Amino acid sequence: MSLIRLKIDTFRNIDSAQLLPGDGLNLIYGLNGSGKTSILEAIYFLGMGRSFRSHLSQRVINTDADQLTVFAVMQHARGEDKVGFRRSRNGDTEVRINGDKVKRLSVLAETLPIQVITPESFSLLFEGPKSRRQFIDWGAFHSDPHFYQAWTNTRRILKQRNQLLRDGSSYSNIQFWDRELVRYAEQVTSIRNAYVDSLNELLKGIIGEFLPRVSVKVSFTRGWDSKTDLAQLLETQYQRDLSLGHTVSGPHKADLRLRVGNLPAQDALSRGQLKLLVCALRIAQGKLLKQQSDKNSIYLVDDLPSELDADHRRLLLKQLTDTGAQVFVTAIEPSAIVDSLHRAPSRMFHVEHGRVTQVE
Ligand SMILES: Nc1ncnc2c1ncn2[C@@H]1O[C@H](COP(=O)(O)OP(=O)(O)OP(=O)(O)O)[C@@H](O)[C@H]1O
Ligand SMILES: [Mg+2]
């Protein structure tokens, strides 16, 4: 699956841009502030309905405009799909696939799986459990059709449970919800667990190539003690939950542990090594999706050359192109990418003050 046409209107400093990306590696280059990251952000918007940079998606609308639109023609094994996304300043959002309005943003994620690697996203992966959980859940969502519903139900019940706790409800009132919660939590957990197991198989090979001298261990923690039954735990922790006004343990606390020896990866690795680890995680995730459902992800790698030496740039670019997927990478100087490739990029785009031109 790849984008064969991309149209971006009034998105950040891009007034209007049209790109005809190639199947393989697309290189986007230009000076600081020219609009490179904005192009990746626009593609991400189309797949996720939000930005990877700002929580306030209204901020990405061009300051002189009332709305943004991103439109793409996607090519896949069964034919072509036209995907359009429009967001207004008042928050109104319209998503269309082949002209039909789509209500759930998750449909976008199914249609257009995206792997993004940015200088921000890579530090995020090591800052808090939330982004690591999102990482697992992206994969769980794509690998098991039951995940979305199970996770939506878990979240809904947790919200109700927390409200009851804040209202000071007795445990007998909460117990009914706990039975439901445990049922969905177990489903969510077993899908996540299976997902991380399959991911680990692929990950080992890629980490071995990127970081041959480091032994990284990746494991899944489910969010509550591995030896304790959740129903029992919810009951014994009721007094504590009640005093805090929220549920302390459960699938909402699941995490992906990344360790080197006895240390968390972020304490044991250099910045360049951390970047490579994040790249390995994303590439493994995309490869697993391809194996499981024959869908290619689109890889967005912002500022690929930064923090990597020439050998590692080459290794990373090789891994990315070997996936056979469509890849968009940005760099300030094109040579920082071109010199590390054994074949010329599929397409090159130069960005200058928000204007995008294809370079031969
Ligand atoms: N809502 C907006 N409307 C208009 N311009 C914006 C808006 N938001 C950001 N910009 C501007 O868009 C420009 C492009 O930003 P972008 O992050 O895409 O640049 P870049 O090419 O990735 O730069 P760098 O090499 O520094 O990463 C910036 O100058 C920024 O100030
Ligand atoms: Mg940038």
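Residues numbered from 1 in each chain as written. Chains lettered and ligands numbered in written order. Predicted model: local features only at pLDDT ≥ 70, side-chain atom pairs only at ≥ 80, totals over all residues. Heavy atoms only, no water.

(A) View of the site of ligand 1. Taken together, the neighbourhood of ligand 1 is formed by 15 residues, with G33, K36, T37, S38 and R53 sitting nearest. Between K36 and ligand 1, the recorded distance is 2.6 Å, taken from a side-chain N or O atom to an oxygen atom. Within the side chain of S38, one N or O atom sits 2.5 Å away from an oxygen atom of ligand 1. (Near = heavy atom within 4 Å. Polar contact = N/O pair within 3.5 Å; in protein donor to acceptor, adjacent residues only side chain to side chain.)

(B) Molecular detail of the sheet that holds strand β10 (residues 255-260). In space, the three strands of this open sheet follow the order β9-β10-β11, with antiparallel pairing throughout. The open sheet has two edge strands with one neighbour each: β9 (216-221) and β11 (263-264). As paired strands, β9 and β10 are joined by six bridges and run antiparallel to one another. What sits directly across from V216, in β10, is V260. With respect to the sheet, helix α4 (residues 129-143) is in contact with β9 and β10, its orientation differing from that of β10 by roughly 105°. (Pairing = 2+ DSSP bridges. Helix = DSSP H or I, 4+ residues; strand = E, 2+ residues; numbered from the N terminus. Contact = heavy atoms within 4.5 Å. Axes fitted to C-alpha atoms, helices over the stretch in contact; angles between N-to-C directions.)

(C) Inspection of the side chain of S340 at higher detail. Among the secondary structure elements, S340 is positioned in the loop between α12 (335-338) and β14 (347-352). Its relative accessible area of 9% is what places S340 among the buried residues. When near neighbours in sequence (up to four residues on either side) are disregarded, S340 contacts A310, R313, R314 and L317. (Buried < 20%, exposed > 50% of the residue type's maximum accessible area, 1.4 Å probe, protein only.)

(D) Inspection of the environment of K295 at higher detail. Along the chain, K295 falls in the loop between α10 (271-293) and β12 (298-301). A relative accessible area of 28% places K295 in the partly exposed class. Along the chain, K295 and V95 lie 200 residues apart, while their C-alpha atoms are 21 Å from each other. When residues no more than four places from it in sequence are discounted, the contact partners of K295 are E110, P113, H142, L289 and K290.

(E) Broad picture of the pattern of salt bridges. Summed over the entire model, instances satisfying the criterion amount to 14 salt bridges. Of the charged contacts in the structure, one is a salt bridge between D255 and R132, with a shortest N-O distance of 2.7 Å. Taken together, the residues span a long stretch of sequence, with D255 in strand β10 and R132 in helix α4 at a distance of 123 residues. Residues D255 and R132 agree in their burial class; the two are buried. A salt bridge links K318 to D322; the nearest nitrogen and oxygen atoms lie 2.8 Å apart. Of the two residues, K318 and D322 are both situated in helix α11 (residues 310-322); the distance of four residues between them amounts to about one turn of the helix. Taken together, the shared-partner salt bridges connect R12, E41 and R53 into one network. (Salt bridge = Lys/Arg side-chain N within 4 Å of Asp/Glu carboxyl O.)

(F) Spotlight on α4. Compared with the 21 Å implied by 1.5 Å per residue over 15 residues, the 21 Å span of α4 between its first and last C-alpha is a close match. α4 sits mainly inside the fold: eleven of its 15 residues count as buried. Every buried residue of α4 is accounted for by S131, R132, R133, F135, I136, D137, W138, G139, A140, F141 and H142. (Expected span 1.5 Å × (residues − 1).)

(G) Broad picture of the nonpolar core. One finds F210 and I337 to be the most contacted residues of the largest nonpolar core, which totals 51 residues. In terms of residue count, α10 provides more of this core than any other element does, ten residues in total. When neighbours within four sequence positions are excluded, I337 is seen to be in contact with L25, L27, L304, P305, L317, V329 and A331. Core analysis: the second largest hydrophobic core is formed by 42 residues, A42, L46, V60 and F328 among them. (Core = buried A, V, L, I, M, F, W, Y, C linked by side-chain atoms within 4.5 Å.)

(H) Looking closely at the environment of P251. Relative to the helices and strands, P251 is located in the loop between α8 (238-244) and β10. In sequence terms P251 and T321 are 70 residues apart; their C-alpha atoms lie 36 Å from each other. Excluding residues that lie within four positions of it along the chain, P251 makes contacts with R133, W151, T154, A185, V188, T189, R192, R222 and W224.

(I) Looking closely at the sheet that holds strand β8 (residues 114-117). Read from one edge to the other, the open sheet built from six strands follows the order β8-β12-β13-β3-β14-β15, with strand pairing classed as mixed. Of all strands in the sheet, those bounded by a partner on one side alone are β8 and β15 (355-359). For this sheet the average axis-to-axis angle between neighbouring strands, irrespective of direction, equals 20°. The pairing of β14 with β15 spans five bridges and is antiparallel. If you follow E352 over to β15, its bridge partner there is R355.

(J) Broad picture of the pairing of β14. Pairing geometry for strand β3 (residues 25-29) and β14, over four bridges, is parallel. Bridged to Y29 within β14 is H350. Here β14 folds back onto β15, and the loop between the two strands holds two residues, one of which, H353, carries a positive phi near 45°.

(K) Expanded view of the packing of aromatic side chains. For the coordinates displayed, the defined rule picks out six aromatic pairs. Aromatic pair F45 and F85: ring centres 5.3 Å apart, planes at 75°, arrangement edge-to-face. Of the two residues, F45 is situated in helix α1 (residues 36-48) and F85 in strand β5 (residues 79-88); the sequence distance between them amounts to 40 residues. On the basis of relative accessibility, which here comes to 0%, the residue F45 falls in the buried class. What links up through ring pairs into an aromatic cluster is the set F11, F45 and F85. Across the ring face of W151, the terminal group of R192 is positioned such that the distance to the ring centre comes to 4.7 Å. (Phe/Tyr/Trp six-rings, centres within 6.5 Å; stacked < 30°, edge-to-face > 60°. Lys NZ or Arg CZ within 6 Å of the ring centre and 35° of its normal.)

Purely geometric stuff here, so don't read any function into it on its own.
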